[in-house]
Amino acid sequence: MLDSSPKPLVSVRDLKMHFPIHAGLLRRRVGEVKAVDGVSFDVMEGETLGLVGESGCGKSTCGRAVLRLYDITSGAIMIDGEDIGDSTQAQLRTKRPTMQMVFQDPQASLNPRMTVEAIIKEPLDEHTKLTEAEKREKVGELMDAVGLNRQFAKRYPQAFSGGQRQRIGIARALALNPKFIVCDEPIAALDVSIQAQVVNLLEDLQQQFGLTYLFISHDLSMVRHIATRVAVMYLGKIVELAPREALYAEPLHPYTKALLSAVPEPDPSLARASERIILQGDVPSPANPPQGCNFCTRCPAVMDICKTTEPEYKEVRPGRFTACHLYENKTNTAG
Amino acid sequence: MPDGALPVLDVQNLKTVFQTRSGEVHAVNDVSFSLRPGELLGVVGESGSGKSVTMMSLLGLLPSPPADVRGGSVMFDNKDLLHVDAETLRAVRGGKIGFVFQDPMTSLNPVFNVGMQIMEPLRKHMGMNKKQAAARAQELLELVGIPDAKRRLADYPHQFSGGMRQRVMIAIALACDPQVLIADEPTTALDVTIQAQILELMKELRTKLGMAVIWITHDLGVIAGIADRVMVMYGGQVVEHAPVHDLFTDPQHPYTRALLKTIPSITGARAARLTVIEGQPPILKDAPAACPFRNRCDVAFDRCATENPPRYDLGAGHDAACFFDARTGAPRNA
């Protein structure tokens, strides 16, 4: 952010990921789950873009779609100057070393029959022509970088604790010197005292290797700590995107306001004094989103227009994007 | 929360050990606490700290083997729940003591409609007939804020969302007007906006029904908002216990202090770097002969490795199991 002209490493434009719903004897297509429905954002070089939202809002699908772990429905994804929106799997393979992923569940994302060394070495086997000795040396360096003892290289994942397993996952993601890493809820499965260790590690590695992160999380306080800018998703769409401080100090979209006010503060006097916005009801199904604005069924500031017309996602103040009718006419006056 | 009122539940020196293939695991060590009528006791700790096992032990909910509740007493209603027959225990469970589990997806039976499941304790414990139970079930659903309660009684769990299912679980736990409600991470599986709904509901219900609640969570934010008193657990032991304001403003155990520092806030100043508690939680292989936190502690000294600190009374209902006196900045004499 200190850079006067940060340039985007990743540009996503109107990304859609719809999953078909099949039903009946003939498994006919009867509809679709619009998990990600027209999402646009940039991730600047060296920054951490936080992507927050509640479960089912499409944030993980979005992260996976950006890395083309799915065949996307439509949209453009520019990573490091190349559009991978409609690349074939073979083309993607050559591109994989620049973009990696750290998964949520370190238990499920590590093969229990492979040693730590084999797990971290696998990407090197696939994508490089290093000799065995060079690979082993590289694995050692990676283990040092993520704070794992080299002597444990021959052990299996189950011999490690949750936090250590997440470090293994991070070492594997780093093996090919990527530029861009999608972290999909990397700390959600960890205990509070271990979360801080992993977050600090991710920050150190970012400094050391100049990494760019898309950090997906439902933990708003952790995102405030790690992210440079934050995007808030609701029902398949980004409702607000803003620099971290601005978003937390003055959220614009009514959903962001409600979401932030719902986070319990670890301070008894604050927690009891603060006026909570309690949203009514549940998130609608992404297979059958409401007419107009997706949030209109739960919005405390709902107007007539919200139930008929979808608000446009646009920059309402410098660097601040939102999709809400409340800010429709203020584009030119504000900021 | 009148001080000195007779506790509804009084637990002394509870010990639970699991027999595993690789030896014993001392999951709960000498845990003592009491619950006064109408108060909300928060229990905080990380996974493996023994908070759930403690509560399950109280009600004999752990399968034995592998679990073995080795000692202590659990006084409720003038009876020691560790030494009553299965019949009496069954009458207490779901009757006078209600239990809300963490995961609303797996703790409801998918093949019975919600009405049946709310009516079950009513018919078993309260001896109601079908008609009375159905009427009461509808009342309960309305109480926990489920709209169109009468029609919803015939619905199955999969027709409810996560937050709604947790409301149903709470309705079941409340069915027989319990004196004590034990809620084990009841909002952990829920999203923040839904969690806020459930916390609000819980506050409302407590004022309405006046029951005592034990609320287990790992989220200090949740505790700050609802608890009267807080018990912090680590390594199967109670390390600190205090009224909620004291715990947050004047934490006396190094673990509590460190824990409070590791969580980032969404308001206030943003730390450049998160404070870390180095190391891992202990593996509870042996009965503790030393402080379980000593390897991660920043004020540990030689005594911590040879003795397990007792809970020192610090006045005003505050106690901490630590040989180091944070108020004087020196080791305790006793």
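Residues numbered from 1 in each chain as written. Chains lettered and ligands numbered in written order. Predicted model: local features only at pLDDT ≥ 70, side-chain atom pairs only at ≥ 80, totals over all residues.

- In the nomenclature of an unreviewed UniProt entry, chain B corresponds to Oligopeptide transport system ATP-binding protein from the organism Yoonia tamlensis.
- The Sequence similarities (unreviewed entry) field of the UniProt record for chain B holds the comment "Belongs to the ABC transporter superfamily." (UniProt positions renumbered as here; feature names shortened; annotations may be inferred.)

- As recorded by an unreviewed UniProt entry, chain A carries the name Oligopeptide transport system ATP-binding protein and is attributed to Yoonia tamlensis.
- In UniProt, chain A has this text filed under Sequence similarities (unreviewed entry): "Belongs to the ABC transporter superfamily."

1. Details of the interface of chain B and chain A
Inference 1: Taken together, the contacts link 36 residues of chain B with 33 residues of chain A.
Inference 2: Of all the elements in the fold, those that place two or more residues in the side of chain B that touches chain A are helix H7 (192–209), helix H8 (220–226), helix H9 (244–249) and helix H10 (254–262) of chain B.
Inference 3: The greatest single-element share of the side of chain B that touches chain A, amounting to 6 residues, is contributed by H7(B).
Inference 4: Among the residues forming the side of chain B that touches chain A, the class breakdown is 15 nonpolar, 15 polar and 6 charged. (Contact = placed C-beta atoms within 7 Å. Helix = DSSP H or I, 4+ residues; strand = E, 2+ residues; numbered from the N terminus. Nonpolar A, V, L, I, M, F, W, Y, C, P; charged D, E, K, R; others polar.)

2. Focus on the environment of Val238(B)
Residue and element names in this part refer to chain B.
Inference 1: Mapped onto the elements of the fold, Val238 is located in strand E10 (residues 237–243).
Inference 2: Judged by the 26 C-beta atoms lying within 10 Å of it, Val238 is buried.
Inference 3: Measuring from C-alpha to C-alpha, the distance between Val238 and Arg273 comes to 29 Å, with 35 residues separating the pair along the chain.
Inference 4: Beyond its immediate chain neighbours, meaning those up to four positions away, Val238 contacts Val31, Phe33, Met231, Met233, Arg311 and Ala321. (Buried ≥ 20, exposed ≤ 12 C-beta atoms within 10 Å, placed from the backbone.)

3. What about helix H4 (residues 132–145) of chain A?
All names here are of chain A.
Inference 1: Taking 1.5 Å of rise per residue, 14 residues should cover 20 Å, and H4 covers 20 Å from first to last C-alpha, within 8% of that figure.
Inference 2: If you follow the buried residues of H4, they end up packed against helix H3 (116–127) and helix H5 (162–174).
Inference 3: The first or second residue beyond H4 is Gly147, which carries a positive phi of 80°. (Expected span 1.5 Å × (residues − 1).)

4. Remarks on the sheet that holds strand E2 (residues 28–44) of chain A
As a general point, the strands of a sheet are linked pairwise by backbone hydrogen bonds and lie either parallel or antiparallel.
Residues and elements named next belong to chain A.
Inference 1: A sheet is described by the order of its strands in space; here 4 strands give the open sequence E2-E1-E4-E5, paired in antiparallel fashion. This sheet does not close on itself; its edge strands, each paired only once, are E2 and strand E5 (82–83).
Inference 2: By the bridge criterion, 2 bridges tie strand E4 (residues 74–79) to E5 in an arrangement that is antiparallel. Paired with Ile79 across the bridge in E5 is Glu82. (Pairing = 2+ DSSP bridges.)

5. Observations regarding the packing of helix H9 (residues 254–262) of chain A against H7(B)
Inference 1: Their axes nearest at 8 Å, the elements H9(A) and H7(B) cross at an angle of 55°. Put simply, H9(A) runs oblique to H7(B). At the point where H9(A) passes H7(B), the crossing takes the left-handed sense. Of the residues in H7(B), those in contact with Ala258(A), Leu259(A) and Ala262(A) of H9(A) are Val192(B), Thr193(B), Gln195(B) and Ala196(B). (Axes fitted to C-alpha atoms, helices over the stretch in contact; angles between N-to-C directions. Parallel < 35°, antiparallel > 145°, perpendicular 65-115°, else oblique. Left-handed = near helix turned anticlockwise from the far one by under 90°.)

6. Quick notes on the sheet that holds E10(B)
All names here are of chain B.
Inference 1: Strand order across the open sheet formed by 8 strands is E6-E7-E8-E3-E9-E10-E12-E11, with mixed pairing between neighbours. Of all strands in the sheet, those bounded by a partner on one side alone are strand E6 (97–100) and strand E11 (312–313).
Inference 2: Relative to strand E7 (residues 180–184), E6 is paired through 4 bridges, and the arrangement is parallel. Bridged to Gly98 within E7 is Leu181.
Inference 3: Contacting E6 and E7, helix H6 (residues 162–174) crosses the sheet at an angle of about 170° to E6.

7. Structural notes on unusual backbone geometry
Inference 1: Note that the residue after Ser64(B), namely Pro65(B), is joined by a cis bond; omega there is -10°.
Inference 2: Structurally, the position occupied by Pro65(B) is in the loop between helix H1 (51–58) and strand E4 (67–76).
Inference 3: We note that Arg68(A) has phi near 60°; this positive angle belongs to a residue other than glycine.
Inference 4: Examined against the element boundaries, Arg68(A) turns out to sit in the loop between helix H1 (59–66) and E4.
Inference 5: Residue Asp80(A) is not a glycine yet carries a positive backbone phi of 55°.
Inference 6: Positionally, Asp80(A) belongs in the loop between E4 and E5.

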